[in-house]
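Structural features, examined
Okay, here's what each chain looks like letter by letter:
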Amino acid sequence: MNRCSNCEPFHVPLGNKKIADIVVTNHARQRWVDRVEHAKTGFDDISAFLWNKLKNNRIRSYYKNENDVYLIDEDLVMVAEFSALEGEADIVRNLYKMIVVTFLGRMSETIELRDLKSYYSWLRHSRRMTLIKNSRKRR
(Lines give C-alpha, C1' and ligand atoms only; values in the text may rest on other atoms or scores of the structure.)
Protein backbone atom coordinates (compact mmCIF):
# COMPACT_ATOMS: atom_id res chain seq x y z
CA MET A 1 0.00 0.00 0.00
CA ASN A 2 1.44 3.36 -0.98
CA ARG A 3 0.70 6.52 0.96
CA CYS A 4 -0.43 8.58 -2.01
CA SER A 5 0.31 8.89 -5.70
CA ASN A 6 2.69 11.83 -5.33
CA CYS A 7 4.62 10.36 -2.37
CA GLU A 8 7.14 7.58 -2.27
CA PRO A 9 5.90 4.29 -0.84
CA PHE A 10 6.69 3.85 2.84
CA HIS A 11 7.88 0.29 2.27
CA VAL A 12 10.03 -1.46 -0.30
CA PRO A 13 9.65 -5.15 -1.18
CA LEU A 14 12.60 -7.49 -0.70
CA GLY A 15 11.69 -11.05 -1.57
CA ASN A 16 8.47 -11.82 0.27
CA LYS A 17 8.93 -9.08 2.90
CA LYS A 18 7.97 -5.41 2.86
CA ILE A 19 10.79 -3.37 4.39
CA ALA A 20 9.69 -0.20 6.17
CA ASP A 21 12.79 0.45 8.32
CA ILE A 22 16.52 -0.26 8.22
CA VAL A 23 18.64 -0.70 11.34
CA VAL A 24 22.42 -0.79 10.97
CA THR A 25 24.25 -2.43 13.87
CA ASN A 26 27.53 -1.09 15.23
CA HIS A 27 29.24 -4.23 13.98
CA ALA A 28 27.85 -3.68 10.47
CA ARG A 29 29.02 -0.06 10.53
CA GLN A 30 32.53 -1.13 11.52
CA ARG A 31 32.63 -3.77 8.77
CA TRP A 32 31.38 -1.13 6.31
CA VAL A 33 34.34 1.08 7.22
CA ASP A 34 36.80 -1.85 7.05
CA ARG A 35 35.54 -3.50 3.88
CA VAL A 36 33.34 -1.19 1.82
CA GLU A 37 33.67 2.58 2.13
CA HIS A 38 36.06 4.92 3.90
CA ALA A 39 34.41 8.28 3.18
CA LYS A 40 30.68 7.89 3.86
CA THR A 41 30.71 5.92 7.10
CA GLY A 42 27.82 7.24 9.19
CA PHE A 43 24.70 5.26 10.00
CA ASP A 44 22.66 7.69 7.87
CA ASP A 45 25.03 7.24 4.92
CA ILE A 46 24.77 3.44 5.08
CA SER A 47 20.98 3.54 5.49
CA ALA A 48 20.61 5.94 2.55
CA PHE A 49 22.80 3.66 0.43
CA LEU A 50 20.68 0.62 1.33
CA TRP A 51 17.35 2.43 0.76
CA ASN A 52 18.56 3.53 -2.67
CA LYS A 53 19.57 -0.04 -3.56
CA LEU A 54 16.26 -1.42 -2.23
CA LYS A 55 14.19 1.11 -4.22
CA ASN A 56 16.11 0.28 -7.40
CA ASN A 57 15.75 -3.47 -6.83
CA ARG A 58 19.54 -3.92 -6.59
CA ILE A 59 19.49 -6.24 -3.56
CA ARG A 60 18.76 -9.94 -3.97
CA SER A 61 19.08 -13.05 -1.85
CA TYR A 62 22.48 -14.75 -2.12
CA TYR A 63 20.88 -18.19 -1.86
CA LYS A 64 17.53 -19.11 -3.38
CA ASN A 65 16.03 -20.72 -0.26
CA GLU A 66 17.69 -18.74 2.54
CA ASN A 67 16.88 -15.20 3.61
CA ASP A 68 19.82 -14.02 5.67
CA VAL A 69 22.62 -13.34 3.17
CA TYR A 70 22.08 -10.75 0.46
CA LEU A 71 23.98 -9.55 -2.58
CA ILE A 72 24.02 -5.83 -3.45
CA ASP A 73 24.81 -4.93 -7.07
CA GLU A 74 25.97 -8.51 -7.65
CA ASP A 75 29.12 -7.71 -5.63
CA LEU A 76 28.68 -6.60 -2.00
CA VAL A 77 27.69 -9.39 0.41
CA MET A 78 25.54 -8.40 3.41
CA VAL A 79 24.03 -10.40 6.27
CA ALA A 80 20.64 -9.20 7.53
CA GLU A 81 17.87 -10.32 9.85
CA PHE A 82 14.25 -9.26 9.81
CA SER A 83 11.83 -8.34 12.54
CA ALA A 84 8.15 -7.44 12.21
CA LEU A 85 7.45 -3.81 13.06
CA GLU A 86 5.25 -3.60 16.15
CA GLY A 87 1.91 -1.98 15.44
CA GLU A 88 2.68 -1.44 11.75
CA ALA A 89 0.97 -3.40 8.98
CA ASP A 90 -0.49 -2.78 5.58
CA ILE A 91 -3.62 -4.36 4.15
CA VAL A 92 -1.96 -7.57 2.99
CA ARG A 93 0.69 -8.41 5.61
CA ASN A 94 3.16 -7.16 8.22
CA LEU A 95 5.87 -4.65 7.56
CA TYR A 96 9.43 -5.49 8.57
CA LYS A 97 12.56 -3.76 9.67
CA MET A 98 15.77 -5.02 8.14
CA ILE A 99 18.54 -5.35 10.72
CA VAL A 100 21.90 -5.25 8.97
CA VAL A 101 24.18 -7.59 10.93
CA THR A 102 27.40 -7.28 8.91
CA PHE A 103 28.98 -6.65 5.55
CA LEU A 104 31.19 -9.56 4.49
CA GLY A 105 32.90 -7.61 1.71
CA ARG A 106 32.95 -7.42 -2.06
CA MET A 107 33.17 -10.53 -4.18
CA SER A 108 35.31 -8.58 -6.65
CA GLU A 109 37.93 -8.10 -3.91
CA THR A 110 37.50 -11.33 -1.89
CA ILE A 111 37.12 -14.24 -4.28
CA GLU A 112 36.22 -16.64 -1.42
CA LEU A 113 32.86 -14.87 -1.02
CA ARG A 114 31.68 -16.42 -4.30
CA ASP A 115 31.05 -19.70 -2.45
CA LEU A 116 30.12 -18.81 1.13
CA LYS A 117 29.52 -22.36 2.31
CA SER A 118 33.04 -23.43 1.30
CA TYR A 119 34.46 -20.19 2.71
CA TYR A 120 32.83 -20.71 6.14
CA SER A 121 33.90 -24.34 6.16
CA TRP A 122 37.47 -23.22 5.48
CA LEU A 123 37.24 -20.54 8.19
CA ARG A 124 36.02 -23.04 10.79
CA HIS A 125 38.83 -25.44 9.87
CA SER A 126 41.42 -22.65 9.92
CA ARG A 127 40.30 -21.39 13.34
CA ARG A 128 40.22 -24.91 14.75
CA MET A 129 43.78 -25.56 13.50
CA THR A 130 44.95 -22.23 14.97
CA LEU A 131 43.41 -23.09 18.34
CA ILE A 132 45.04 -26.53 18.31
CA LYS A 133 48.41 -25.04 17.37
CA ASN A 134 48.17 -22.39 20.11
CA SER A 135 47.17 -24.92 22.75
CA ARG A 136 50.26 -26.98 21.88
CA LYS A 137 52.51 -23.93 22.38
CA ARG A 138 51.14 -23.32 25.88
CA ARG A 139 51.95 -26.83 27.12
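Further up the page is the structure itself.
Now for a look at the structure at hand. Nothing here was measured: the structure is a model prediction, and the numbers come from that model.

So, about the overall build of the chain. Tallying secondary structure elements over the chain gives 3 helices and 6 strands in all. Ordered by position from the N terminus, the helices and strands of the chain form the series β-β-α-α-β-β-β-β-α. By sequence separation, contacts in the chain at least 24 residues apart represent 49% of the contacts at least 6 residues apart. Summed over all atoms, the accessible surface of the chain reaches about 9,300 Å², with 46% contributed by carbon and sulfur.

A word on the nonpolar core. Core analysis: the largest hydrophobic core is formed by 21 residues, its most contacted members being Leu 50, Met 78, Met 98, Val 100 and Phe 103. Sorting elements by how many residues they give to this core places strand S5 (residues 76-89) first, with 4 residues. One finds Tyr 63, Val 77, Leu 104 and Met 107 within the second-largest nonpolar core, a separate group that totals 11 residues.

Relative to the helices and strands, Phe 49 is located in helix H2 (residues 43-55). The partly exposed category is assigned to Phe 49, whose relative accessible area is 24%. Look past the residues within four positions of Phe 49 in its chain and what remains in contact with it is Trp 32, Ile 72 and Leu 76.

So, how was this worked out
- Residues numbered from 1 in each chain as written.
- Predicted model: local features only at pLDDT ≥ 70, side-chain atom pairs only at ≥ 80, totals over all residues.
- Heavy atoms only, no water.
- Helix = DSSP H or I, 4+ residues; strand = E, 2+ residues; numbered from the N terminus.
- Contact = heavy atoms within 4.5 Å.
- Areas by Shrake-Rupley, 256 points an atom, 1.4 Å probe, with all protein chains shown as cover.
- Core = buried A, V, L, I, M, F, W, Y, C linked by side-chain atoms within 4.5 Å.
- Buried < 20%, exposed > 50% of the residue type's maximum accessible area, 1.4 Å probe, protein only.

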